[in-house]
Every structure is written in structure tokens, then in C-alpha cells.
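Results of the structural survey
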Amino acid sequence: MRNETRFAWRNYVARAFGHDQIRPVSGGFVEFFVPGHPMGLTIVEALDTLWLMELDAELEQGLAWVRSNLSFDVDASFQVFETNIRMLGGLLSAFQPAAVRDPRRDRAVPQPHGQIGPPADSFYEYLFDGWDLFRDADLKSWYDTLTAAIVAHQAETRRGRLWFGQVDAVTGRITDRGQSELAAFYAGLLAQGGDVARGRAYHNSWNAVQDRFGVLPEGINYTNLNATSRGNQLRPEFADSALVLWLITRDEVFRQRALTHYQNMKRTSRVQFGYTILNDVTTNPVQRGDFTPGYWWSEQLKYYWLVFAQARRFDYANNYLSTEGNIFRGARR
Ligand code: DMJ
């Protein structure tokens, strides 16, 4: 894992250092926020992962870039949500102890549907974060109220597996039985919120998808587990939930699932200059893209490391990772 991170980092430094994201097949790069304005997104996302892995030379390389080059003096439109979770969160977690601020809900755009997938996903995490980090009772009360409504109106069992449909927010009627891979985070959140049984059941459901495809497609129809969106954007949600459930239950099954997730990712996504997204996971062999998302550095690498490494720099008993996997509590000096 550490070697894989070093391999990907060295290629990023050699081919795309300072640019937001590497294209690991061609060795090119692409900016995430504004064309022509690199913000070093990959560096900022990777900082606390490098620190946890004790890759201190690489960390120093990243920090030096941040000190000398990072500037927010760019006259352009930025996505507020992404800037908060990726850049602000990354910098806060690299600055230990982290002084975290109240969460924003910019991504929770009002719409007539209720769903746990995007764009509402992180909003639920933030409610729970606000309680866990700041003991904000209002946020806990919102979390409890909304979770009860989700369980009452969105949860349904199909072929013995738990899923969460999209519902009409007014009537509660299920309107769509598609499920975005991003919703897999909810297994961990349910467990963090105290409902370990439902969290486990929902992770079991996604594990059936992992068993079927090897690598999770971006979207499925949960009535038959067919892929409705065949790519894989090198996403972290399944490994995220596996880590959370393992931390809470210490059940080895979650480590095994994280291991399978890692091995399948390595088999399908490892390319000449790092790890890439996939354009189609349903073909054999899979079809590859040419892009490493910034969150991969902050999330999967860290989740695998924490599950497998007994990291000396992490407090396994008292910790909190943000929606982007940034360590807001639990960094040990
Ligand atoms: C990450 O940027 C974060 O996990 C965010 O909360 C939503 N999902 C993406 C990765 O899929």
C-alpha cells in the first residue's frame, strides 16, 4: 500500500506536480477548478494521507509546494462545496491539531426528491459531523429526524437486500430504484449514528455488487443489480464504509471486503503512471479512462492504510474523518 502510494506520488511529481490531477495513462494532467489555474489539488488532498503513512519526504515535498505556490488569488468561479471539502478540509487536516469550522450545506440543493445519494449525500454526513465534532444538539436532532424519515420512507428490501429508493419528498412514494455508488457511504454513516445493524445490512448489499462486478459501477438498478452507469470514477465510498464498520464492530469481514476492493482496484486501475478511472467495468477486460481524481489521494489510500497498517499516527479509539477523508480528530504525534 505504502509502495503503491509512493509509486503514484512519484509519477504525479514527475509528470503533473502542482497541477490538480494527473492523467496516469498518458502522463498528462487536468485542472479541477479553473482551466489554466492549477491549485495543487492532488497535493492538498494527499497531505494527511502521506503523513499517516509516514512518507515524510513526500509530505515535505507537498508542503514545500503549498508554502511557495498555493494562492487563492484567482479571479474565477470556484465550486464552494468542492473548495470547502477538498482544499479547506485538506489544509485543515494537514495543520494539526485541526481547528475545524461549522459545516456548510451548499451542496444540499432543494429539490422535490428525497435520496441519500448526491447531491444530498454529504449533507447527512455534515449533520452527524456537527454533532460528533462540536456536540451541536440541533444538528443531532436534524440528523435523527431525517434518518428516521429515510428509514421509514426510502428503505426497502429487495431479494433480501436493503436499499434506499428515491422518493417524492412530499408523499414519500418511491419514484426511482436506481442507486448511485456514492450512496455506499451511508452504510458507514448509519453505523456511526448508532444503527449498526442497518449499516451492516446496507454494506452487505453493496458487497453483493462488488461480488458481481469486481469493481463497483457508478450506478445500479437495485431490483436486479444491473449497471445503469458502467464507469467507475475510482470512488472511495465502499472502502470508507468498510473502514467505519470495521472500526465500530472489529468484524474481520469488513477488512476482507476492503482488501478485495483494494486488490480489484489494483488489478483494473493500475497503469503506467498511477491509477486511473474506468470507463466500463462490465467488459472483460475493463475499459480504462485516463484520470486520477483528487479524492483518491485523500480517501482510498488512507482508508486502506488505516484498515491494514495499524498506523502509529492514528488514534483508533477516538477519531473523526471528514466527508473527504480528512483527519479532523485522531492524529497522533
Ligand atoms: C468525494 O469528493 C467525497 O467523498 C464527497 O463527499 C462525495 N464523493 C466524492 C468521491 O466520490
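Our structure is the block above this text.
Note that the structure is a prediction, hence the values are computed from the model and not measured. (Residues numbered from 1 in each chain as written. Predicted model: local features only at pLDDT ≥ 70, side-chain atom pairs only at ≥ 80, totals over all residues. Heavy atoms only, no water.)

**Details of the site of the ligand**
In the neighbourhood of the ligand, twelve residues make up the surrounding shell, with Arg 235, Glu 237, Glu 299, Thr 323 and Glu 324 lying closest. In the model, an oxygen atom of the ligand is placed 3.4 Å from a nitrogen or oxygen of the Arg 86 side chain. Interatomic distance of 3.0 Å between a side-chain N/O atom of Ser 122 and an oxygen atom of the ligand. When isolated, the ligand has an accessible area of 290 Å², and the protein chains bury 95% of it. Tallied by class, residues from the shell around the ligand come to four nonpolar, two polar and six charged. (Near = heavy atom within 4 Å. Polar contact = N/O pair within 3.5 Å; in protein donor to acceptor, adjacent residues only side chain to side chain. Areas by Shrake-Rupley, 256 points an atom, 1.4 Å probe, with all protein chains shown as cover. Nonpolar A, V, L, I, M, F, W, Y, C, P; charged D, E, K, R; others polar.)

**As for the pattern of salt bridges**
All chains considered together, the criterion is met by 18 salt bridges. One salt bridge in this structure joins Asp 144 and Lys 140, with 3.0 Å as the shortest N-O distance. Of this pair, Asp 144 and Lys 140 both sit in helix 6 (residues 137-153), separated by four residues, roughly a single helical turn. For Asp 195, the salt bridge is made with Arg 198, and the minimal N-O distance between the two is 2.7 Å. In this structure Asp 195 comes out as partly exposed when scored by relative accessible area, which is 21%. (Salt bridge = Lys/Arg side-chain N within 4 Å of Asp/Glu carboxyl O. Helix = DSSP H or I, 4+ residues; strand = E, 2+ residues; numbered from the N terminus. Buried < 20%, exposed > 50% of the residue type's maximum accessible area, 1.4 Å probe, protein only.)

**Brief notes about the nonpolar core**
Formed by 88 residues in total, the largest nonpolar core has its most connected members in Tyr 186, Tyr 202 and Trp 206. The element best represented in this core is helix 2 (residues 41-52), accounting for eight residues. Once residues within four sequence positions are removed from consideration, Tyr 202 is found in contact with Ile 116, Leu 162, Trp 163, Phe 164, Gln 179, Ala 183, Ala 184, Tyr 186 and Ala 187. (Core = buried A, V, L, I, M, F, W, Y, C linked by side-chain atoms within 4.5 Å. Contact = heavy atoms within 4.5 Å.)

**Topic: the sheet that holds strand 10 (residues 226-229)**
If you trace the three strands from one edge of the open sheet to the other, you get 8-9-10, paired in antiparallel fashion. Looking at the sheet topology across the chains shown, the edges are occupied by strand 8 (178-180) and strand 10. Across this sheet, the average inter-strand angle for adjacent strands is 35 degrees, counted without regard to direction. (Pairing = 2+ DSSP bridges. Axes fitted to C-alpha atoms, helices over the stretch in contact; angles between N-to-C directions.)

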